[in-house]
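# A closer look at the structure
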Amino acid sequence: MIAVIQRAKSGSVSVDEKIISQIKLGFVILLGVTDEDDETDADYLAGKISHLRVFDDKDKKMNLSIQDVKGSALVISQFTLCADTHKGRRPSFIHAASPEKGNTLYEYFIAQIENNGVPVKSGKFGAMMNVNLINEGPVTFVLDSKQR
């Protein structure tokens, strides 16, 4: 499971030109689920993200978690994170989870973030979405559950 985490002043996701979810301070998380992932991958990433100290304290040092700043998460499914681009010029998605498995683990991941005390908004699984955010910093991290 791959997550791109962006520290955001605000974020929103739209489907068919209509905003369906939005947050203020927190993380915009793009989540890719591979065919090898299971609930332990979601548990690992949800725990890591919920406690990652990347928000500024009063001394402008990255020392606070999303929980500390009472932030929210906007989680967007993005199977293209699972692309294999090693050969040729057209990405292969053979390692992306099936839509059924991907949606199940996406929903499970959201529940685990919430279980860690972080309010969550989400995109619409499988839909064409437009994602807007103000990336504060910019601060962006890529986490892969297979690289523990």
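Residues numbered from 1 in each chain as written. Predicted model: local features only at pLDDT ≥ 70, side-chain atom pairs only at ≥ 80, totals over all residues. Heavy atoms only, no water.

## Quick word on the overall build of the protein chain
Cut-off, in case you're wondering: Per the convention used, a helix needs a DSSP run of H or I reaching at least four residues, while a strand needs a run of E reaching at least two, with both numbered from the N terminus. Put simply, the radius of gyration uses C-alpha atoms, and a globule should come to 2.2 Å times the residue count raised to 0.38. A simple rule labels every residue: compare its accessible area, found with a 1.4 Å probe on the protein chains alone, to the largest value its type can have, and call it buried under 20%, exposed over 50%, or partly exposed in between.
When helices and strands are tallied, the protein chain shows 2 helices and 8 strands. Seen in sequence order, the protein chain has helices and strands lined up from the N terminus as β-β-β-α-β-β-β-α-β-β. At 15 Å, the protein chain has a C-alpha radius of gyration in line with the 15 Å of a compact globule built from 148 residues. For the protein chain, the residues scored as buried account for 41% of the 148 residues in total.

## Digging into helix H2 (residues 99–115)
We count it as follows: For a helix, the expected span equals 1.5 Å multiplied by the number of residues minus one. Directions pointing from the helix axis toward each C-beta atom define the arc. We call two residues in contact when some of their heavy atoms are within 4.5 Å.
For H2, with 17 residues, the first-to-last C-alpha span of 24 Å sits near the 24 Å given by 1.5 Å per residue. Those residues of H2 that fall on the buried side of the exposure criterion are Gly102, Leu105, Tyr106, Phe109, Ile110, Gln112 and Ile113. What you see down the axis of H2 is that its buried residues fit within an arc of 160°, all on one side. Seen from the buried face of H2, the exposed residues on the opposite side, beyond 90 degrees, are Glu100, Thr104 and Asn115. Residues of H2 that are buried make contact with strand E3 (26–32), helix H1 (39–51), strand E6 (72–77) and strand E7 (120–122). Gly117, located one to two residues past H2, shows a positive phi value of around 85°.

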